[in-house]
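Structural overview
The residues making up each chain are set out below.
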Amino acid sequence: FFRYRTNRFSLCEPNTRIQTLSSNSVAGDLRMAGQIEMTTPAQWLQQGWAHHQKKQLALAEELYNKALEIDPQNANAYCYLGILHYDRKAYQESINAYQQALRIQPIFPVAWNNLGNSLRHVGQPEAAEIAFLQAIAQKPEYVNAHKNRGTLHVWEGKIDLAKECYRNAVKFGPADPE
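Here's what I pulled together on the structure shown here. None of the values given here were measured: they were computed from a predicted structure.

1. Section: the packing of aromatic side chains
Under the defined criterion, the tally for this structure stands at three aromatic pairs. A ring pair is formed by Trp49 and Tyr80, whose centres lie 5.4 Å apart and whose planes are at 40°; its orientation type is tilted. Here Trp49 is found in helix α1 (residues 41-53), whereas its partner Tyr80 is found in helix α3 (residues 75-87), with 31 residues between them in sequence. Taken individually, Trp49 and Tyr80 each receive the classification buried, so the pair is uniform in this respect. Seen from their ring centres, Tyr86 and Tyr91 are 5.3 Å apart, and the 70° between their planes marks the pair as edge-to-face. The two residues Tyr86 and Tyr91 agree in class, both being buried. Positioned above the aromatic ring of Trp155 is the side chain of Arg120, whose terminal nitrogen or guanidinium carbon lies 4.4 Å from the ring centre. Just above the ring of Tyr142 sits the side chain of Lys139; from NZ or CZ to the centre is 5.2 Å.

Here is the structure:
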């Protein structure tokens, strides 16, 4: 399952320094608390992801939703919500979030891959296969999509097809520790 890694993907504008919030009250007065004022969806998403990684999922969800209040058409915010729901094992909610992200931004291999994982978990292997293939069509060297497609085929008992997927994953990411 693909996750944004903050050292590889920055959703903030260049040269923007963001501090981690110390309060559970996102809507509280950040200025009085000495925190910076967050005005862009990217800032709210970065804060949300920081809390998400700390397993503070309720706070992360609040921050992701704040980004959506500012920009209701923010596909990244829906993708982050999808990851959050997946982590909660709320797979149907994650599917809904990824589908919303893809309605906004159809060329989004991460969302297609993650949608495939969620669909696999709710017992929709055909739809999961389509989602993984869409991710791979958009980004052929996408190692995680190849691996996740392989896992889908293992779950279905299609071992030869799974091996092919895993060979592609190794071909595109030989140094990947997974």
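Structure's up, so let's keep going.
2. Concerning the environment of Leu81
Inspection of the secondary structure puts Leu81 in helix α3. The class of Leu81 is buried, set by a relative accessible area of 6%. Here the alpha-carbon distance between Leu81 and Ala60, two residues 21 residues apart in the chain, equals 8.7 Å.

3. Observations regarding the side chain of His153
Residue placement: His153 occurs in helix α7 (residues 143-155). For His153, a relative accessible area of 2% gives the class buried. Apart from residues no more than four positions distant in its own chain, His153 is found in contact with Glu129, Lys158, Leu161, Ala162 and Cys165.

4. Observations concerning a nonpolar patch on the surface
A cluster of nonpolar side chains, contributed by Val154, Trp155, Ile159 and Tyr166, occupies part of the molecular surface with about 380 Å² of accessible area. Counting only elements with at least two residues in the nonpolar patch, the list comes to α7 and α8 (159-172). Position of Ile159 relative to the elements: it lies in helix α8. When its relative accessible area of 42% is taken as the criterion, Ile159 is described as partly exposed.

5. A word on the pattern of salt bridges
Using the criterion set out here, one finds four salt bridges in the structure. Residues Glu61 and Arg88 are paired through a salt bridge, measuring 2.8 Å at the closest nitrogen-oxygen approach. Taken together, the residues span a long stretch of sequence, with Glu61 in helix α2 (residues 57-70) and Arg88 in the loop between α3 and α4 (91-104) at a distance of 27 residues. Here Glu69 ties to Lys66 by a salt bridge, and the two come within 3.5 Å at their closest N and O atoms. Highlighted residues: Glu69 and Lys66, both in helix α2, separated by three residues, approximately one helical turn. Judged by relative accessible area, which is 58%, Glu69 ranks as exposed. The exposure class of Lys66 is partly exposed, given its relative accessible area of 28%.

6. A short note on the packing of α2 against α3
The contact between α2 and α3 brings their axes to 9 Å, and the two run at 160°. Taken together, α2 and α3 sit at an angle that is classed as roughly antiparallel. Crossing hand, α2 versus α3: left-handed. Of the residues in α3, those in contact with Leu57, Ala60, Glu61, Tyr64, Asn65, Ala67 and Leu68 of α2 are Ala77, Tyr78, Tyr80, Leu81, Leu84 and His85. Classifying every residue of the contact of α2 with α3 by side-chain character gives 10 nonpolar, two polar and one charged.

Rules and cut-offs
- Residues numbered from 1 in each chain as written.
- Predicted model: local features only at pLDDT ≥ 70, side-chain atom pairs only at ≥ 80, totals over all residues.
- Heavy atoms only, no water.
- Phe/Tyr/Trp six-rings, centres within 6.5 Å; stacked < 30°, edge-to-face > 60°.
- Helix = DSSP H or I, 4+ residues; strand = E, 2+ residues; numbered from the N terminus.
- Buried < 20%, exposed > 50% of the residue type's maximum accessible area, 1.4 Å probe, protein only.
- Lys NZ or Arg CZ within 6 Å of the ring centre and 35° of its normal.
- Contact = heavy atoms within 4.5 Å.
- Patch = residues over 30% accessible without salt bridge, like charges linked within 9 Å, V, L, I, M, F, W, Y side chains within 5 Å.
- Areas by Shrake-Rupley, 256 points an atom, 1.4 Å probe, with all protein chains shown as cover.
- Salt bridge = Lys/Arg side-chain N within 4 Å of Asp/Glu carboxyl O.
- Axes fitted to C-alpha atoms, helices over the stretch in contact; angles between N-to-C directions.
- Parallel < 35°, antiparallel > 145°, perpendicular 65-115°, else oblique.
- Left-handed = near helix turned anticlockwise from the far one by under 90°.
- Nonpolar A, V, L, I, M, F, W, Y, C, P; charged D, E, K, R; others polar.

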